[in-house]
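Commentary on secondary and tertiary structure
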Amino acid sequence: MLHLINNNNNKRRTAHITPSWERRLNKKIEGLRADLARMLEYKRGNRNRRLTRKVNEIKNKYKQHTKKNSPNTSTDQLIDTIRQRLAILSKRMKQYKKSNARKSDNYLFTNNQKAFYNKINEDNNIELTEPPTKEEIETFWGEIWSNSVTYNNEANFMHLINEEAVRINDMACSQITEETLTSQMSKIHNWKSPGPDKIHNFWLKKLTSMHPKLLEIFNNILDNPQNLPDKICEGVTYLKPKNPNTKNPAHYRPITCLNTIYKLLTGCITQIVTKHCENQQIIAEEQKGSRIGTLGCKEQLTIDPIIMNQAHKKKRNLFTCFIDYIKAYDKIPHSWIIHSLKLYKINNKVINLLQNAMTKWKTTVQLKTPKEDLKTGKISIKRGIYQGDSLSSLLFCLSMNSLSSILKHNNKGFTIKTKEQKHTITHLFYMDDLKLYADSERNLINIIKIVEKFSIDINMELGTEKCKIQAIKKGQIITTRQPI
C-alpha cells in the first residue's frame, strides 16, 4: 500500500506501509523462530543461565501441543510443537499474501486495465534475442493480408443457413442517434493507445461542443460511404511475441492501434448491429464471445465441467475435440464477412459502409527490438480484420455463426440428462476457440469432418497440430490430447 506523507520541506514522497495483518503475523513468526533456535541450542547441551531461563519460559508457553493432547514432557515434543505452529503461521502468511495480490490485481484491472496488462507483460516478458528482419515481417504478413480470397458459394451448407435466416427480419437503420454516440463515448477509455492520428479518447469525450458535428459527419458517411476518408481507415500494427522463437514472424500476435475517430464510428455501428442481433436472436447460444449480458469465457468454463462431471459420475462415454484455427482473425475472407452480413439482413447502409472501408484498410507493422524499431511500409488488408476494434469481434462471430447452425442441425452431440429434461450440446464457442462434444467416437469424427469442410469452403485453415481429442469411456479418461 502506498501512502503519501509530507517531509519538513513540504515535499510529497511515497512510503511503503506494511499492512497490520502482515506485521502481526511477522511478529509471531519471528517469535516462534527465536524460540525454536533457543530450544535447538538447549538440545545441543548449552546450559548457560540466560538460555536456561528462556527455555523455562518456553516450556510454560508451550505446555501442550493442543488441548486434546497430554502435556509436553520432553525437549523433542516442545520442538515439534513450535515447528508445527511455525508451519501453520507460515502457510497462513502465504495464503494472505496470495489473497492480497489477487485483490490488488482485481482493483488494478477495474481501475486501470493498461497498467494491469503492463504488469502481466513484465511478469511474462519474452526477450527478443533474435528478431526477424523488416523484409521478413513485411513478406510474411503481406502474404496473409494482401491476398484476397473468396468463399465457395456452392457449398452444401448454403441451403441450410439460408433456410434458417428466413425467420430474420430486416434490420432497421436510418441514422446514428445522439444517444448511440453518447453511449459509445462513455465506453471508450480516456488514454487508450491511439492510432496514426495520435488523438486520445479523452479529447473526444471532453470537447463536447464538437459532438453534434461528429454526429453529422458520421451520418453523412453512413449515407454516403464514398465520403469516408482513406486516412481514417489506416492503422499501426504492433507485434507481440507469443513464444521464445522470436526469429519466426509467424510467432507474433498482431495488435492494431486504429484512429480514434474510426473506432468511435465503428463502435456506434457495433451498437446498432448488436441490437439487431439481440432482437432477432441471431448469434448462437453456444457462442459467448462479443455478447452483451454474458460472462463470456467464464460461462463456458462453467458449462464444460458440468458436462465432464456428468460423464464421470454417471459413467458415460464422452468424446471431445479442441479445434484451433491458424491466424483466424487474419485469414477470415472479406467476401464471407459481407455474405454473412447480408445473410443476417444487416441494413444495406452498414454493409455498403463496411465494404467501402475494407477497400481502404491499410496498416504499417512495427516491432520494437533492443537495437532498433522495425517499421514496414503500408500493407493493404484484403483479407482478415483488425485486432483492436470492437466491430471486428462482432464481424468474426457473425461470420462463424453459420458453423454453429450446421453443428446444431447435425445434433450428434452429448446429451445432458436431468429429471426434468434433456439437452444436447454439440459444441461451445468463444470467438475462434471451439470445443466439440459427442457421445461416440464415430459421431465426433463426423462433427470434425463438418467443421473441416465448412472451414475449407470459407477459406479458413485449421491448425491440426493444436487440435486434440480426449476420449472418456464409462467415466474414465482413456486417451488425452491425442492429435487428429
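Refer to the structure above for everything that follows.
These remarks concern the structure in this document. (Residues numbered from 1 in each chain as written. Predicted model: local features only at pLDDT ≥ 70, side-chain atom pairs only at ≥ 80, totals over all residues. Heavy atoms only, no water.)

1. Overview of the overall build of the chain
Test applied: Runs of H or I in DSSP of at least four residues are treated as helices and runs of E of at least two as strands, each being numbered from the N terminus. C-alpha atoms define the radius of gyration, and 2.2 Å times the number of residues to the power 0.38 defines the globule rule. Partly exposed residues are those whose accessible area sits between 20% and 50% of the maximum for their type, while under 20% is buried and over 50% is exposed, using a 1.4 Å probe and protein chains only. Residue contacts follow a heavy-atom distance rule, with two residues in contact if any of their heavy atoms lie within 4.5 Å. Residue-level accessible areas treat just the shown protein chains as cover; the underlying method is Shrake-Rupley with a 1.4 Å probe. As used throughout, the charge tally considers Lys and Arg to be positive and Asp and Glu to be negative, leaving His and the chain termini uncounted. To locate a charge, the coordinates of NZ of Lys, CZ of Arg, CG of Asp or CD of Glu are taken.
A count of helical and extended segments in the chain gives 16 helices and 14 strands. Relative to the 2.2 N^0.38 estimate, which gives 23 Å for 484 residues, the radius of gyration of the chain is 30 Å and therefore markedly larger than a compact globule would have. In terms of its C-alpha atoms, the chain occupies a principal-axis envelope of roughly 95 × 70 × 45 Å. Across the 484 residues in the chain, those meeting the buried criterion constitute 43%. Restricting the contact set of the chain to residue pairs at least 6 apart, pairs at least 24 apart contribute 71%. Of the accessible surface of the chain, which amounts to about 28,100 Å², a share of 49% is contributed by carbon and sulfur atoms. Distance from the positive charge centre (81 side chains) to the negative charge centre (46 side chains) of the chain: 12 Å.

2. Digging into the state of the cysteines
Short version of the rule: Criterion for a disulfide: a pair of cysteine sulfur atoms within 2.5 Å.
As enumerated under the stated definition, the model contains zero disulfides in all. Unpaired in this structure, C297 has its nearest cysteine sulfur neighbour in C397, at a distance of 13 Å. Judged by relative accessible area, C297 falls into the partly exposed class, the value being 34%. In this model C321 remains outside any disulfide bridge; the closest cysteine sulfur is found in C467, 5.8 Å from its own. A relative accessible area of 0% places C321 in the buried class.

3. Brief notes about the pattern of salt bridges
We count it as follows: We define a salt bridge as a side-chain nitrogen of Lys or Arg found within 4 Å of a carboxyl oxygen belonging to Asp or Glu.
A full pass over the atoms with the stated rule returns 16 salt bridges. The partner of K43 in a salt bridge is D76, with the nearest N and O atoms 2.8 Å apart. Of the two residues, K43 is situated in helix α1 (residues 20-43) and D76 in helix α3 (residues 75-111); the sequence distance between them amounts to 33 residues. By relative accessible area, D76 is classed as partly exposed at 45%. Among the ionic pairs, K288 bridges to E299, the shortest N-O distance being 3.3 Å.

4. A closer look at a positive patch on the surface
Quick note on the threshold: Candidates for patches are residues over 30% relative accessible area with no salt bridge; among them, like charges are joined within 9 Å and nonpolar side chains (Val, Leu, Ile, Met, Phe, Trp, Tyr) within 5 Å.
Side chains of K94, K98, R102 and K103 sit close together on the surface and give a patch of like positive charge. Along the polypeptide, R102 turns up in helix α3.

5. Examining the pairing of strand β6 (residues 362-368)
Definition in use: Here the rule is simple: two strands pair whenever DSSP picks up at least two bridges between them.
For β6, the buried fraction is high: five of the seven residues fall into the buried class. Two strands pair when backbone bridges link them, and strand β3 (residues 234-241) and β6 are joined in this way by five bridges, in the parallel orientation. Its bridge partner lying in β6, G235 is registered against T363. Looking at chain direction, β6 and strand β8 (residues 379-380) are connected through two bridges and run antiparallel. The residue bridging K362 from the neighbouring strand is S380, located in β8. Here three bridges tie β6 to strand β7 (residues 373-375), and the two strands are oriented antiparallel to one another. If you follow K368 over to β7, its bridge partner there is D373. Connecting the antiparallel pair β6 and β7 is a turn made up of four residues.

6. What to know about the packing of helix α10 (residues 260-279) against helix α15 (residues 390-410)
Rules: Fitting a line to C-alpha atoms yields each axis, with helices limited to the stretch in contact; the angle taken between N-to-C directions then spans 0 to 180 degrees. Crossings are classed by handedness, with left-handed meaning an anticlockwise turn of the near helix from the far one by less than a right angle and right-handed meaning a clockwise turn. All residues other than Ala, Val, Leu, Ile, Met, Phe, Trp, Tyr, Cys, Pro, Asp, Glu, Lys and Arg, Gly among them, are scored as polar; the first ten of these are nonpolar and the last four charged.
Remark: α10 packs on α15, axes separated minimally by 8 Å, with the N-to-C direction vectors making an angle of 35°. In this structure, the crossing between α10 and α15 has a hand that is left-handed. Contacts between α10 and α15 involve T266, G267, I269, T270, V273, T274 and C277 from the former and S390, L391, L394 and L398 from the latter. Considered class by class, the residues forming the contact of α10 with α15 number six nonpolar, five polar and no charged.

7. Here we look at unusual backbone geometry
Non-glycine residue S290 carries a positive phi angle of around 55°. With respect to the helices and strands, S290 occurs in the loop between α10 and α11 (297-313). When its relative accessible area of 28% is taken as the criterion, S290 is described as partly exposed.

8. Concerning the packing of helix α13 (residues 334-343) against helix α14 (residues 348-358)
The following threshold applies: Here is the rule for angles: anything less than 35 degrees is roughly parallel, anything more than 145 is roughly antiparallel, 65 through 115 is roughly perpendicular, and the remaining ranges are oblique.
At their nearest, the axes of α13 and α14 sit 11 Å apart, and the two run at 175° to each other. By the angle class used here, α13 and α14 are roughly antiparallel. Residue-level contacts link H334, I337, I338, L341 and K342 of α13 to I351, L354, Q355 and M358 of α14. By residue class, the composition of the contact of α13 with α14 is six nonpolar, two polar and one charged.

Limitation: the analysis is restricted to geometry and does not speak to function.
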